[in-house]
Amino acid sequence: YDLYFSGKEKLPSLTLSWNLYGAGLDNMGKDHAPETFSIPQPDDDQLLVRVDSVSLCFSDVKIIQQGSNHPKLYHRDMQKEPTRLGHETAVTVIKVGKNLANTYHAGQRLAMQPDIFQNGKSTAYGYTIPGGLIQYHLIGKEVLVTDTGACLLPVEDGMSYVSASLLEPWGCVFASYTQRRRLEPKEGGIMWIIGRSDDTTNYTFSRGLDKPETIVLTDAPASIKNLLKNSQARIVEHNGIGPDQYASLAEELTGAKGFDDIIVLDPRSAETVSAIAKYISRRGTLNLVGKVALDGRVPADVGRLHYDYIAFLGNQGPEISASYGEARNRCELQKGGVALFLGAGGPMGQMHVQRALEMADGPAVVIATEMNQSRLDILHQHLDPVAEKNQRKFILFDASRPNQELRQLVMDLTGGKGADDVVLSVPSPALASEAATLMNENGMLVLFAGMPNGSLAPLDFSSVYLHNAQYTGTSGLTIQDQALVMRKAVSGDLSPDMSLAAVGGMKTAQAGYEALIAGRYPGKIAIFPQLVDMPLMGLDELKQKYPAIGDKLGAGNAWTMEAEKQLIETFWSAQEA
C-alpha cells in the first residue's frame, strides 16, 4: 500500500517541516509557512522515513499554548532547540542503516508509539522528540532504544494511511478500559494502616500482608497488631496523629513520595479520607474497609486519578485483602448495561461511543451527551447505523438542556439505579463530580479527559467499600494497545476511519490547529505531508468540490481506502505536474 512511489523514483533532496519555536501558533514554522531543510542520510543505526499521515490532537494544542512550560519539554530553550508537533503519525521506511537491516526494510509501513520512556523519563515523540509534521525525517535510538523496546508498530495490509495514524488516539481509547491500576500491595513497598484503637473487629488479611517492607500503624486495632506479630516487615507506630501531621509523616517515611498502599479501617470522616488520600504514591492504592457510610462525599484528586493511576479500593470486611484483584475491580464497560458518555461529540468522545456500540459484549443502552448541535447531527449521521447494525439502543441528549432532564432520563432507563458506566471526555472537576452522581452504586466512572493534578471533585467513596463503585482514569497508551486496535480494524470489528472529519495538505497544518482549537470540524483532522498544496477541507466540502473522491467515501461520508487512493491520485498528480 504505497500510493506515492513505486520504489524507482528519485528521493527528493529537500523536506518541508513545521518546527515549533515557542508558545503560540505564530511560533510554528516561519511566517505562517513550513520551512525547507535538506533530507539527511541515515547512519548505521537509523532509519530514514517518509511521513504519510499525521492526525492532529488536542494534546498538541497544550504544547502550542504552553511552549517550553509544557511538562514534557522540561523548560528547554525552544528558540535554540525547537520541537515539532505530530505524535499520531504513520510513516514508510525509505532507507535503512546497515545495523537495522535484519529488522526493517525499505517500503515497510510503521505507526509511531509516541508514549516513550527512556530510563524512566518521558521523551515522547511529538513532544521532547520532534514529531511527524515533516515530510522526511530520521529515526534512531531515541525511538528504537527505549524502556519498552522499539516504539514502532509494523502496519498490516488493509489499513489506509489515515487508519495507521489513528491507531494512536484509538489506542488511548482502548487503554482507558485496560487495567492500568495496581491492585495488590506493592512488593517491598511502604504500607500505612490507619484504624480506630477502639475498633474490636476481628480483621483478617489472608494475602498481601507479607509484601510490604515497612508497615506504618496509626491507631491500629488489636486484631491488626496480632496479625503482625510474626511479620518480617519493619513495623513503625505513629499513634494519635491527625490530618495536620500527615504531611510530616509522609516526608519522614517516604521522602514525600507517598505511601505505596494505604488501608483505612472503619472510615467515618470524608474530610479525613480526603486528607489521607493526598499521600498515596503514584500507582498507589487506598483500601477502605468498613460497614458504615462516610459523613459526606470525599474531595478527590481527579487529576491524579487520570495521570498517576492511583486506585481507590474497598470492601465491607473483615477480610482486608478482599478489596484487591481484578475480580472486584473491573475496568471494562458492563455487558448489557447502560453506558453514559458525557462530551461525546468531540473526536475522542465519538471514538468512545463508537467502541461501545461495536463491542461484541458491550452495553445494551448507550447515551451520548453533547451541547453543540452540529456535533449531535454528526453523531446521528455516523453512529445511528452502527447502533442499528449491532442492535443497541442509542440515545442522544442535548447537554444544553437542564442537568435535571439528563438525570431523569438516566433514572428512567435504569429503574432509578443510575448508569452502569459513565465516561467523561470533558476536563472539568465539577462535571466529574456531577457525572459520579449519575452512576449506580456498583457503577464505574472513567475519567478520560485529563485535569491538572490537584483538581478536586467530591466523589461518593462510601459506595467504593459498601458496594463496588469504580473510579478510574488513564493517560497515554502502550504499543500493545495500538496493536489491538489494528487487529480489530483489519478483522472488521472496528472502523477507525469513521473518526476522520477533515483532511489537509502540508501547508495547511497551522490552519488545521486553528480549526481544531475552534472546534470547526466534528472529528479528527488528518494532514498529508506529501500533498503540499491540498487545501484544508471537511469531508462534506471535499465531497462537493471533488466528487470523484466523494464517490469513494462510505456511508455517512466515512473515510475509506478507496477515497484515500483517489485523494492522493488527485493531488499528488497535480503536484507532480
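For the structure, see preceding data.
A brief report on the enclosed structure follows. (Residues numbered from 1 in each chain as written. Predicted model: local features only at pLDDT ≥ 70, side-chain atom pairs only at ≥ 80, totals over all residues. Heavy atoms only, no water.)

## A closer look at unusual backbone geometry
So, point 1. For the bond running from Gly-317 to Pro-318, omega is 0°, close enough to zero to count as cis.
So, point 2. You can see Pro-318 is positioned in the loop between β18 (311–315) and β19 (338–342).
So, point 3. One non-glycine residue with positive phi stands out, namely Tyr-74, at about 50°.
So, point 4. Examined against the element boundaries, Tyr-74 turns out to sit in the loop between α1 (58–66) and β5 (83–84). (Helix = DSSP H or I, 4+ residues; strand = E, 2+ residues; numbered from the N terminus.)

## Describing the sheet that holds strand β25 (residues 470–473)
So, point 1. With parallel pairing, 6 strands are arranged side by side in an open sheet as β21-β20-β19-β22-β23-β25. Looking along the sheet, the strands with just one partner apiece sit at the ends: β21 (393–398) and β25. If you compare each strand with its neighbour and ignore which way they point, the axes differ by 15° on average.
So, point 2. Looking at chain direction, β19 and strand β22 (residues 419–424) are connected through 4 bridges and run parallel. By the bridge assignment for β22, Phe-341 is matched with Val-423. (Pairing = 2+ DSSP bridges. Axes fitted to C-alpha atoms, helices over the stretch in contact; angles between N-to-C directions.)

## So, the pattern of salt bridges
So, point 1. Here the structure, examined in full by the defined rule, presents 22 salt bridges.
So, point 2. Between Arg-401 and Glu-405 there is a salt bridge, with the nearest N and O atoms lying 2.8 Å from each other.
So, point 3. Residue class for Arg-401 comes out partly exposed when judged on its relative accessible area of 38%.
So, point 4. Residue Lys-507 pairs with Asp-533 through a salt bridge whose shortest N-O separation is 3.0 Å. Pair noted here: Lys-507 is in the loop between β26 (500–505) and α15 (509–518) and Asp-533 is in the loop between β27 (524–528) and β28 (537–538), with a separation of 26 residues, a long-range link.
So, point 5. Judged by relative accessible area, Lys-507 falls into the partly exposed class, the value being 47%.
So, point 6. Here Asp-533 falls in the exposed class, since its relative accessible area comes to 53%. (Salt bridge = Lys/Arg side-chain N within 4 Å of Asp/Glu carboxyl O. Buried < 20%, exposed > 50% of the residue type's maximum accessible area, 1.4 Å probe, protein only.)

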